[in-house]
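Structural overview for review
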Amino acid sequence: LNRGFVNRSAVFITWLPIGVVVIFSCRCVLSFLSTYCTQSVSRDIVKFFRLNVFEKYCHLPTVFFDRCHSGQLISTMIYNIEKVSSFTQSSVLALVREGVYLTGLLVVMFLVSWRLSLILFSVAPPMYFLIRTLSLKIRRYNVQVQDLVGDITRAVDVSVRGHREVKLSGTQQFEKKRFRKV
C-alpha cells in the first residue's frame, strides 16, 4: 500500500484493480466449486442412508411396525437423514475452510507477537470447555426437536389415514386439539 498509494507507483496502481478482480473471480469460482462438491457429496450421503434405512425397514419383523408409529419411521427417513446430510456438509466445509484460516492466523500471530499468542493459548482451554458444554446442551435440544418432528408426522399420518373415521365420528375438534398439543 505504501508503494502504491504513498509513493504513487503507476505500475502498482494499474495492476491493483486487475489483481483484485482476479482474486475475487477465483474466490467466486472456488466458492461455487466447493458448494457444488459438498452438495453432491451430501446428496450421495442422503441417498446411501435412505437406501440402507429402507432396506432395513423391508427386513424388520411385523412386531417392530406394530410397536412403532409410521410417522416416526417416516420422520427418520425424511427429517433425520436430511439433518445428517446437512450436518455433514456444513461441518466438512467448515473444517476445511476454518482449518486453513486458523493455520494462517496462528502463523501471523506468532510472527507479529509471540507473547500475545501465548496469552491467547492460556485463554483457549477455558473457552474450549465452555463451547463444549454449550454444544452438548444444543445436541440434547436437537434430539428433542427430532422427536417432536416425529410426533407431528405421526399425528398428521394418523389423521390423514383415518380421515374418514374422523369425519364420520365428528371428532375433528378433538383431532385439532390433539395436533395443537403435539
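Just above sits the structure.
Computed from a prediction, not measured in an experiment: that's the story for all the values here. (Residues numbered from 1 in each chain as written. Predicted model: local features only at pLDDT ≥ 70, side-chain atom pairs only at ≥ 80, totals over all residues. Heavy atoms only, no water.)

**Brief notes about the overall build of the protein chain**
As a reminder, the rule being used: The helix count covers DSSP runs of H or I at least four residues long, the strand count covers runs of E at least two residues long, and both are numbered beginning at the N terminus. To get the radius of gyration, use the C-alpha atoms; to get the globule rule, take the number of residues to the power 0.38 and multiply by 2.2 Å. Partly exposed residues are those whose accessible area sits between 20% and 50% of the maximum for their type, while under 20% is buried and over 50% is exposed, using a 1.4 Å probe and protein chains only. Note on contacts: a residue pair qualifies if any of its non-hydrogen atoms lie within 4.5 Å across the two residues. All accessible-area figures derive from a Shrake-Rupley calculation using a 1.4 Å probe, and residue coverage is judged against the displayed protein chains alone. Only four residue types enter the charge count: Lys and Arg as positive, Asp and Glu as negative, with His and the chain ends excluded. By convention, the point assigned to a charge is CZ for Arg, NZ for Lys, CD for Glu and CG for Asp.
Assigned secondary structure in the protein chain consists of seven helices and zero strands. Mapped from its N terminus to its C terminus, the protein chain presents α and β elements in the order α-α-α-α-α-α-α. Against the compact-globule benchmark of 16 Å for 182 residues, the protein chain has a radius of gyration of 27 Å, which places it well outside the compact range. Residues classed as buried in the protein chain amount to 13% of the 182 residues present. A fraction of 65% describes how many contacts in the protein chain between residues 6 or more apart in sequence connect residues 24 or more apart. About 14,800 Å² of surface is accessible on the protein chain, with carbon and sulfur atoms providing 70% of the total. If the 24 positive side-chain charges of the protein chain are averaged to one point and the 10 negative ones to another, these points end up 11 Å apart.

**Comments concerning the packing of helix 4 (residues 70–112) against helix 5 (residues 114–161)**
The test is simple: Throughout, an axis means a line fitted to C-alpha atoms (over the contacting stretch in the case of helices), and angles, computed between N-to-C directions, take values from 0 to 180 degrees. Roughly parallel here means an angle under 35 degrees, roughly antiparallel means over 145, roughly perpendicular means 65 to 115, and every remaining angle is called oblique. If you view the pair so one helix is near and one far, a crossing is left-handed when the near helix is turned anticlockwise from the far one by less than a right angle, and right-handed when it is turned clockwise. For this classification, the nonpolar set comprises Ala, Val, Leu, Ile, Met, Phe, Trp, Tyr, Cys and Pro, the charged set comprises Asp, Glu, Lys and Arg, and every other residue, Gly included, is treated as polar.
Viewed as axis vectors pointing N to C, helix 4 and helix 5 meet at an angle of 165 degrees, and their least axial separation amounts to 10 Å. Classified by the interaxial angle, the pair formed by helix 4 and helix 5 is roughly antiparallel. For the crossing formed where helix 4 meets helix 5, the hand is right-handed. A per-class count over the contact of helix 4 with helix 5 returns 11 nonpolar, nine polar and six charged.

**Notes on the packing of helix 5 against helix 7 (residues 172–181)**
Where helix 5 contacts helix 7, the axes come no closer than 10 Å and their chain directions differ by 165 degrees. With respect to helix 7, the axis of helix 5 lies roughly antiparallel. Once helix 5 is placed against helix 7, the crossing between them reads as left-handed. Across the interface between the two elements, Ile-152, Ala-155, Val-156, Val-158 and Ser-159 of helix 5 pack against Glu-175, Arg-178 and Phe-179 of helix 7. Tallied by class, residues from the contact of helix 5 with helix 7 come to five nonpolar, one polar and two charged.

**Observations concerning the nonpolar core**
Rules: Definition of nonpolar core: a set of buried residues of the types Ala, Val, Leu, Ile, Met, Phe, Trp, Tyr and Cys, connected through side-chain atoms within 4.5 Å.
Of all hydrophobic cores here, the largest spans six residues; its members are Val-46, Val-53, Tyr-57, Leu-73, Met-77 and Ile-81. Excluding residues within four positions of it along the chain, Met-77 makes contact with Arg-50, Val-53, Phe-54 and Tyr-57.

**Notes on the pattern of salt bridges**
Applicable threshold: Here, a salt bridge means any side-chain nitrogen of Lys or Arg that lies within 4 Å of a carboxyl oxygen of Asp or Glu.
Summed over the entire model, instances satisfying the criterion amount to four salt bridges. Between Arg-43 and Glu-82 there is a salt bridge, with its nearest N and O atoms 2.5 Å apart. One end of the pair, Arg-43, is in helix 2 (residues 10–59); the other, Glu-82, is in helix 4, with 39 residues separating them in the sequence. Linking Asp-151 and Arg-154 is a salt bridge whose minimum nitrogen-to-oxygen distance equals 2.4 Å. In this pair, Asp-151 and Arg-154 both sit in helix 5, three residues apart, roughly one turn of the helix. The exposure class assigned to Asp-151 is partly exposed, which follows from its relative accessible area of 26%.

**Comments concerning the side chain of Ser-75**
Among the secondary structure elements, Ser-75 is positioned in helix 4. Using a relative accessible area of 2% as the deciding quantity, one classes Ser-75 as buried. If we ignore the near neighbours within four places in the chain, the residues touching Ser-75 are Asn-80, Gln-146, Val-149, Gly-150 and Thr-153.

**A few points about the state of the cysteines**
Spelled out, the test is: To count as a disulfide, a pair of cysteine sulfur atoms needs to be within 2.5 Å.
Tallied over the full model, the rule gives zero disulfides. Take Cys-26: it sits in no disulfide, and the sulfur closest to it among the cysteines is that of Cys-28, at 9.4 Å.

**Here we look at the packing of aromatic side chains**
Going by this rule: Classification of ring pairs rests on two measures: the distance between centres of Phe, Tyr or Trp rings, Trp counted by its six-membered ring, which must be within 6.5 Å, and the angle between planes, read as stacked under 30 degrees, edge-to-face over 60 and tilted in between.
Enumeration according to the criterion identifies six aromatic pairs in this entry. A ring pair is formed by Phe-32 and Tyr-36, whose centres lie 6.2 Å apart and whose planes are at 25 degrees; its orientation type is stacked. Remark: Tyr-36 and Phe-32 occur in helix 2; sequence separation between them is four residues, near one turn of the helix. As far as the burial class goes, Phe-32 and Tyr-36 line up, both exposed. Three or more aromatic residues joined by ring pairs form one cluster here, namely Tyr-57, Phe-64 and Phe-65.

Just distances and angles here, no functional claims.
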